[in-house]
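Working through the structure, step by step
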Amino acid sequence: MSTNQLYAGYQSELVDFRLAFSRGGAYTAIVLVLLGVGLDYGQYPQQQFAFAVARVLVSLLIAAVVVVLYSAAGRRFAPWLTLTWLLLPQIMIAWMISQTEGVHSPYYVGLNLAIFASGIALPFGLWQNVVFGLLSYLLYVFACLLHPGGIEPLGTFIVNSLFLLFAAAASAVYTYFNERARFMLFRLKAEVAEKNAELEVINRKLVDIKGQMLQQEKMAAIGTLAAGLLHEVNNPVNFCLMAIEVAMEEPQAKESESLTECLVDAKQGMQRIQHIVSDLKTFAYRKPGAEVEGTPFMFEKALDSSIRLTAHELRGVKVTRELPADTLVLGDEAAIIGVLINLFSNAALAMRKAGTTAPAIHTTVRWSEGRLHVTVRDNGPGIAPEHLARVFEPFFTTREVGQGLGLGLSISYAVIERHGGQLFAESELGQWAAFSFDLPRAE
Ligand code: ADP
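Every value quoted in this text rests on a predicted model; they were computed, and no experiment measured them.

1. Details of the environment of Ala193
When you line up the elements, Ala193 lands in helix α8 (residues 154–249). For the pair Ala193 and Pro359, spaced 166 residues apart in sequence, the C-alpha to C-alpha distance is 43 Å.

2. Some remarks on the sheet that holds strand β4 (residues 360–368)
Pairing within the open sheet is mixed, and its five strands lie in the order β2-β4-β5-β7-β6. A single partner strand is all that each edge strand has here, and the edge strands are β2 (318–322) and β6 (424–428). For this sheet the average axis-to-axis angle between neighbouring strands, irrespective of direction, equals 15°. Note: β2 against β4, five bridges, orientation parallel. Following the sheet pairing, Lys318 is matched in β4 by Ala360. Across the face of the sheet, helix α12 (residues 333–354) comes into contact with β4, β5 (371–378) and β7 (432–440) while running at roughly 145° to β4.

3. With respect to the pattern of salt bridges
Tallying each qualifying case throughout the model produces 11 salt bridges. The closest approach of N and O atoms between Arg390 and Glu393, which form a salt bridge, is 3.3 Å. Overall, Glu393 belongs to the buried group, its relative accessible area being 17%.

4. What about the site of the ligand?
The immediate surroundings of the ligand are formed by 20 residues, with Asn346, Thr397, Thr398, Arg399 and Leu409 found nearest. One of the side-chain N or O atoms of Arg399 is found 2.7 Å from an oxygen atom in the ligand. Within the contact set of the ligand, an oxygen atom lies 2.9 Å away from a backbone nitrogen or oxygen of Gly406. Alone, the ligand offers 530 Å² of accessible surface; in the complex the protein occludes 92% of this. In this structure, the ligand is accommodated by the largest pocket. Contributions of two or more residues to the shell around the ligand are made by α12, α14 (408–418) and β7. Element by element, the count of residues in the shell around the ligand is highest for α12, at four residues.

5. Some remarks on the layout of surface pockets
Volume-wise, the largest pocket comes out at about 960 Å³. Elements with a contribution of two residues or more to the lining of the largest pocket: α12, β5, α14 and β7. Among the elements that take part in the lining of the largest pocket, α12 stands out by supplying 13 residues, more than any other. Roughly 640 Å³ of internal volume is contained in the second largest pocket. Forming the walls of the second largest pocket are 28 residues, and the residues nearest its centre are Leu32, Val33, Gly110, Leu113 and Ala114. Counting residues per element, the ones that place at least two in the lining of the second largest pocket are α1 (3–35), α2 (37–43), α5 (78–99) and α6 (108–120). When grouped by side-chain class, the residues that make up the lining of the second largest pocket number 19 nonpolar, eight polar and one charged.

6. Notes on the UniProt feature "transmembrane region" (unreviewed entry) in the protein
When the UniProt feature table is mapped onto this chain numbering, "transmembrane region" (unreviewed entry) sits at residues 20–37, 49–70, 77–97, 109–127, 134–151 and 157–177. The distance separating the terminal C-alpha atoms of residues 157–177 is 30 Å; by composition the span is 100% helix and 0% strand.

7. So, the pairing of β6
For a regular strand, side-chain orientation follows a simple rule: the groups alternate between the two sheet faces. Note: β6 against β7, five bridges, orientation antiparallel. In the sheet register, Ala425 faces β7, and the bridge partner there is Phe435.

8. Quick look at the side chain of Thr356
Relative to the assigned elements, Thr356 resides in the loop between α12 and β4. If we skip the residues at most four places from it in the chain, Thr356 touches Met351, Asn379, Gly380 and Pro381.

9. Re the packing of α6 against helix α7 (residues 126–146)
With their axes 10 Å apart at the nearest point, α6 and α7 run at an angle of 175° to one another. Put simply, α6 runs roughly antiparallel to α7. Contact with α6, carried on its side by Tyr108, Leu111, Ala114, Ile115, Ser118 and Gly119, involves Asn129, Phe132, Gly133, Ser136 and Tyr140 of α7 and no other residues of that element.

10. Here we look at the packing of aromatic side chains
Taken as a whole and judged by the stated rule, the model has 10 aromatic pairs. Measuring from centroid to centroid gives 5.2 Å for Tyr44 and Tyr107, while their planes differ by 70°, and the two rings are edge-to-face. Taken together, the positions of Tyr44 in the loop between α2 and α3 (48–69) and Tyr107 in the loop between α5 and α6 put the pair 63 residues apart, joining distant regions of the chain. In this structure Tyr44 comes out as buried when scored by relative accessible area, which is 4%. Ring centres 6.0 Å apart and planes at 5° place the aromatic pair Tyr140 and Phe157 in the stacked group. Taken as a pair, Tyr140 in helix α7 and Phe157 in helix α8 lie far apart in primary sequence, 17 residues in all.

Conventions used here
Residues numbered from 1 in each chain as written. Predicted model: local features only at pLDDT ≥ 70, side-chain atom pairs only at ≥ 80, totals over all residues. Heavy atoms only, no water. Helix = DSSP H or I, 4+ residues; strand = E, 2+ residues; numbered from the N terminus. Pairing = 2+ DSSP bridges. Axes fitted to C-alpha atoms, helices over the stretch in contact; angles between N-to-C directions. Contact = heavy atoms within 4.5 Å. Salt bridge = Lys/Arg side-chain N within 4 Å of Asp/Glu carboxyl O. Buried < 20%, exposed > 50% of the residue type's maximum accessible area, 1.4 Å probe, protein only. Near = heavy atom within 4 Å. Polar contact = N/O pair within 3.5 Å; in protein donor to acceptor, adjacent residues only side chain to side chain. Areas by Shrake-Rupley, 256 points an atom, 1.4 Å probe, with all protein chains shown as cover. 1 Å grid on protein atoms, 1.4 Å probe; cavity = no way out; pocket = protein on both sides within 12 Å on 5 of 7 lines; lining within 4 Å. Sits in = over half its atoms within 2 Å of the grid points. Points joined across faces, edges and corners; volume = space filled by probe spheres on them. Nonpolar A, V, L, I, M, F, W, Y, C, P; charged D, E, K, R; others polar. UniProt positions renumbered as here; feature names shortened; annotations may be inferred. Parallel < 35°, antiparallel > 145°, perpendicular 65-115°, else oblique. Phe/Tyr/Trp six-rings, centres within 6.5 Å; stacked < 30°, edge-to-face > 60°.

Given below as structure tokens:
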């Protein structure tokens, strides 16, 4: 943050601060001015009535300034309004001095009190404070001159003048350091806020990295599991299938309709297991972080193929796209088509299930830092935040039992990872879901 920006922020915060203090100070002043009747009673009992009227009048005027302070204009002119109400008791005291003993009057102490209070209790600026101190002193001189005795005795006048000027100087110095301390405090606050914002960003990045690492670890564990499973399951499945084939050729099987039906069911079940096992192969033989293998292909063509292959599911869905002219990437074209088919059919299915009106899928493709970044976004029901982190987990599905295996996205994740890229999901529940991945450019 630049010093100018910082100063602007400080000024706006200061306005509120000053306004609050000005009001509080004004209420205190009203109370003190009215309580001053006690002083009049002790020092000038013969003037009691006239002074009491003056005190009430000044209190009412201060109250009027407070009313203005609450308005929009009051906010803008707060420092000047504060100076105005502070001068009201000073004028009153000066008038009292001129009406009583002039230089001999002890009421000049009241002027001193206000000068100190303006520096200590009010968040005044340095110049306002200096102006207030000087005006208070001039009022004192004026009051003495108005009195029939003038500035006599000179010695007392000089002592009182010096006390007033000392008070003004001390108050100005105090105001100066007070203001500096206020600014430093504000600067510290702004710096802490800035650092907090930076920490927030770092924290979010760390959470992202942690999520990615967890995902990679999970995939590696699935890989080991899948390799073992492939080995253990493939052989029995194959000989079961062969046995079923043989059994189906037996005359008893051909004669009995129910037996044939049973064998067909068993065969279909075994074939399903075979498919699952072949899907799991993607995990079993993947090497995280391995060099991309494959051949150069046009991503645009892969996109065309996948849209064609999902034409049936995409009926009624508006499919649009945005592609650069050249989309030559390096990789396993068939696997990438598989990923796209998975993303399109997931989106189509989610939108159909949710009954989305005007369902649409938009694919955006762009180059960035030598990689092709692809985003497939639909305007379907979106994904709940608690599911978002789990969609890439093998066997995670929200489909009904038997309808989806929950392997599509986890296989796609592994495919993209093999290409040195990353597949990730974003969504706003009830609004949209987007899946993005990136592929290397073919040199
Ligand atoms: P399956 O499609 O077999 O359920 P996937 O791994 O392909 O398995 O998807 C896992 C889950 O992710 C889905 O069951 C669904 O809840 C969610 N999902 C995937 N794509 C979308 C999408 N475009 N909109 C909403 N949910 C989605």
